[in-house]
Amino acid sequence: MKMPIKPTTVAALACLSLSVPVAAQDLDNVVRLDVLDGGRTINGTYMSALKLTLKDGWKTYWRAPGDSGIPPEFDWKRSSNVGQVEIIWPSPEVFDQNGLQSIGYENQLVLPIKVTPRNPAKPVRLKGKMDLGVCKDVCIPERLDFDHTLDAEADRNPAIAAAMAQRPYSAREARVTKTTCNLTPTKDGMRIEARMTMPSAGGREVAVIEPGNPSLWASQPVSQRQGDTLVAEAEIIHASGAPFALDRSEIRITVLGSDHAVDILGCSAG
């Protein structure tokens, strides 16, 4: 399903449309995609990964790309014997450029995926495409096709294991003791104030709020520490401008710090 265009994505799309005609730069083969095998687990799922190798200095974006990025989109429909695909996102970096903040990965991304087959007795073939934006001095859109039959007998893959180890901590692992979300109506949508009682994730902590509904968009939160509590404030609006209800249980908050990242699922009433 296509994601709605976010207001802050307009700048990124403008960048894409303006940057493509730049002939003075080598824009060929900026990014390559390989499918990695990690074998079949004892519970019958397959470990795999999409490995993106970018030219030096180029970056691509996380699922919530910030002010000046566009999120990647995946199409698995041409795959065979695939029941479910779970993406495990490694902790991303925060980039600041010209007053805009983006969130993503530079030079390389190994994106682990767990694949559950429909029929455990049959081969699993991953066939599809990934649409993404890649940026350096300019930004360009890329569409990468993949077609790979997973190897059930493959050994544990060190690159996949390393990417799995880079995932954000869960709220329990990060010792988050309380998360509340206070919601207040605004002219265009809803203001959210998230308060997370937790130890510091290190250095400047950047919070990212995902509403959980693909029709909703959240602005980049303003985050600040108040003792043992991290406070993040943002505005949430509907892509069409229509009124909406917000389910606190679907809200996802990621805190990105210099020491580690934290993935918090759901919050209670403030």
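See the structure above.
The following refers to the structure shown. Within each chain, residue numbers correspond to sequence positions counted from 1 in written order. In view of the model being predicted, local features appear only for residues whose pLDDT reaches at least 70, and side-chain atom pairs are presented and counted only at 80 or more, with totals across whole chains, interfaces and linings using the full set of residues. To get the side-chain values, all heavy atoms of the structure are used, and hydrogens and water are removed first.

Our focus in this paragraph is the pattern of salt bridges. The term salt bridge refers to a side-chain nitrogen of Lys or Arg lying within 4 Å of a carboxyl oxygen of Asp or Glu. Taken as a whole and assessed by the stated rule, the structure comprises twelve salt bridges. Here R32 makes a salt bridge to D34, at a shortest N to O gap of 2.9 Å. Burial classes follow relative accessibility: with a 1.4 Å probe on protein chains only, a residue under 20% of its type's maximum area counts as buried, one over 50% as exposed, and anything between as partly exposed. Taking the relative accessible area as the measure of exposure, R32 reaches 46% and is therefore partly exposed. Take D34: its relative accessible area is 28%, and that puts it in the partly exposed class. D131 serves as the salt-bridge partner of R143, at 2.7 Å between the closest nitrogen and oxygen. Remark: D131 occurs in strand β9 (residues 125–135) and R143 occurs in strand β10 (residues 139–149); sequence separation between them is twelve residues. One network of salt bridges, in which partners are shared, links R191, E193 and E233. Segments assigned H or I by DSSP are reported as helices when at least four residues long, segments assigned E as strands when at least two residues long, and all are numbered from the N terminus.

Here the focus is the side chain of D37. Looking at the element boundaries, D37 is found in strand β1 (residues 31–40). Notably, D37 is buried but unbridged: the nearest opposite-charge side chain belongs to R40, and the N-O separation is 11 Å. Counting of polar contacts relies on pairs of N or O atoms within 3.5 Å, with two restrictions inside protein: one atom must be capable of donating a hydrogen and the other of accepting it, and residues adjacent in sequence are counted only when both atoms are side-chain atoms. Here the side chain of D37 touches D151 through a polar contact of 3.0 Å, landing on its backbone nitrogen. Note on definitions: a residue-residue contact is assigned when non-hydrogen atoms from the two residues lie within 4.5 Å. For D37, the residues in contact, after removing those within four places along its chain, are M47, H148, L150, D151, A154, D155, N157 and I160. As used throughout, the charge tally considers Lys and Arg to be positive and Asp and Glu to be negative, leaving His and the chain termini uncounted.

Time to look at the environment of G83. Tracing the chain through its elements places G83 in strand β5 (residues 82–87). Residues G83 and V124, 41 residues apart in the sequence, show an inter-C-alpha distance of 9.7 Å. Residues within four places of G83 in sequence aside, it is in contact with T116, P117 and R118.

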